[in-house]
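Chain and residue survey
Each chain is listed here by its residues.
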Amino acid sequence: MTVTVTGFGALDLQSTDGERPVAFGGVLGPEQLLTAYRYGLFPLPAADEYASAYNEAVYGEAVEAGEVVLLPGAGDPYALAWWSPDPRPVLRPGEVRLPRRLARRLRGRSRAADVADVADAAGAAGAAEWFTTADAAFGEVLTACAEGRQPAWLTEELRAVLMELNARGAAHSVEVWEGEELVGGVFGVAVWPVLSLDSMFHRRPDAARVAVADLGARFGAAGGRLLDAQWDGPYVRSLGAVSMERSRYLAELAGAPGAGILPTDRLPVARLV
């Protein structure tokens, strides 16, 4: 299936190898990023000139052969790669898996918090219940997701674009709080009825899992139908992700949009178990 995508030219999204970039170069801006997500693409900027040189060394021949599109508008096209993996790991919003041990711990936290409400404050240490919010600390979640990550794809330029999309209501975060401390989170871009999970972090065991489950619950309540985990692997499989052929994934993207309004209330995590 060859489609013409504004800003990306003609892309063969049916037969393009899903284990390498679909394109290099182009412009990284809010409109370009939204367009990319609508057609099943996402960006992977190079962290530095060495990463860019690596891209050219590995994929340069495929570009010269016309197997990977080289987009205009960039001084160094290999500094920005656009990916569309095939197959795609996906989750249905209400089917994010939380292990039983985590469910027991969360229920225990909830009971401990109830006791702490009537206990002396000094005796309540460590009993803080986990709560979640949405879009309450988007910038903090981006910063936490960027810390110590290799490759360092979440560049300052991309973060600025994502902040703009969050202001427009197209990029979202879920935050997990222990009392007033941010202990986990996830962020992604929504092109209804699909939300792409770009990155997550945790400062407490399993807080990232909780963030994904909570985002799934909120997205599903707003009419969303699919969470895209982008890269396959053991961790996303443990969350319940399954493989979906790219052709079917693109069909899901083309489906009727949902309501598009993500609930942002502060909610107890215990409701998820």
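Now for a quick tour of the structure. (Residues numbered from 1 in each chain as written. Predicted model: local features only at pLDDT ≥ 70, side-chain atom pairs only at ≥ 80, totals over all residues. Heavy atoms only, no water.)

1. Points about the overall build of the protein chain
Each helix and strand in the protein chain was counted, giving 8 helices and 14 strands. For 273 residues, the compact-globule formula gives about 19 Å, and the C-alpha radius of gyration of the protein chain, at 20 Å, lands near that figure. Considered along the principal axes of its C-alpha atoms, the protein chain spans approximately 70 × 40 × 35 Å. Residue burial in the protein chain is summarised as follows: out of 273 residues, 52% are buried. As displayed, the protein chain has an accessible area near 12400 Å², and 52% of this comes from carbon and sulfur atoms. Side-chain charges in the protein chain split into 25 positive and 35 negative, and the spacing between the mean points of these groups amounts to 10 Å. (Helix = DSSP H or I, 4+ residues; strand = E, 2+ residues; numbered from the N terminus. Rg over C-alpha atoms; globule rule 2.2 N^0.38 Å. Buried < 20%, exposed > 50% of the residue type's maximum accessible area, 1.4 Å probe, protein only. Areas by Shrake-Rupley, 256 points an atom, 1.4 Å probe, with all protein chains shown as cover. Lys, Arg positive; Asp, Glu negative; His and termini not counted. Charge placed at Lys NZ, Arg CZ, Asp CG, Glu CD.)

2. A few points about the packing of aromatic side chains
Taken as a whole and assessed by the stated rule, the structure comprises 8 aromatic pairs. Each ring, one from Phe-8 and one from Trp-82, has its centre 4.9 Å from the other, and the planes form 85°; the classification is edge-to-face. Of this pair, Phe-8 sits in the loop between β1 (2-5) and β2 (9-12) while Trp-82 sits in strand β6 (residues 80-83), and the two are 74 residues apart along the sequence. Taken individually, Phe-8 and Trp-82 each receive the classification buried, so the pair is uniform in this respect. With a centroid separation of 5.3 Å and 85° between ring planes, the pair formed by Phe-42 and Trp-231 is classed as edge-to-face. Here the residue Phe-42 occupies a position in strand β4 (residues 42-45), and Trp-231 occupies one in the loop between β12 (226-228) and α7 (234-238), the gap between them amounting to 189 residues. Residue Trp-231 is classed as partly exposed on the basis of its relative accessible area of 39%. Taken together, the ring pairs in this structure connect Phe-24, Phe-42, Tyr-59, Tyr-78, Trp-83 and Trp-231 into an aromatic cluster. Of note, Arg-266 hangs over the ring of Phe-131, and the distance from its end group to the ring centre comes to 4.8 Å. (Phe/Tyr/Trp six-rings, centres within 6.5 Å; stacked < 30°, edge-to-face > 60°. Lys NZ or Arg CZ within 6 Å of the ring centre and 35° of its normal.)

3. Considerations on the sheet that holds β6
Strands sit in the order β4-β6-β3-β5 across an open sheet of 4 strands; the sheet is mixed. Lying at the two open borders of the sheet, with one neighbouring strand each, are β4 and β5 (69-71). The mean inter-strand angle of the sheet, taken between neighbouring strand axes irrespective of direction, is 25°. Pairing geometry for strand β3 (residues 23-25) and β6, over 2 bridges, is antiparallel. Bridge pairing in β6 links Phe-24 to Ala-81. (Pairing = 2+ DSSP bridges. Axes fitted to C-alpha atoms, helices over the stretch in contact; angles between N-to-C directions.)

4. Regarding unusual backbone geometry
For the bond from Gln-150 to Pro-151, the omega torsion is 0°, close enough to zero to count as cis. The topology assignment puts Pro-151 in the loop between α4 (138-146) and α5 (156-168).

5. Some words on helix α2 (residues 49-64)
The periodicity of an α-helix, 3.6 residues per turn, causes residues three or four places apart in sequence to face the same way. Where α2 bends most, at Val-58, the angle is about 50°. Among the residues of α2, Ser-52, Asn-55, Tyr-59, Gly-60, Ala-62 and Val-63 are the ones counted as buried. By the N-cap criterion, in which a side-chain oxygen at the helix start approaches the backbone nitrogen of a residue two or three places on, α2 is capped by Asp-48, the distance to Tyr-50 being 3.1 Å. Positioned one or two residues after α2, Gly-66 has a phi angle of 80°, which is positive. (Bend = angle between axes of the 7 residues up to and from the residue. Polar contact = N/O pair within 3.5 Å; in protein donor to acceptor, adjacent residues only side chain to side chain.)

Bear in mind that shape data such as this cannot, by itself, settle questions of function.
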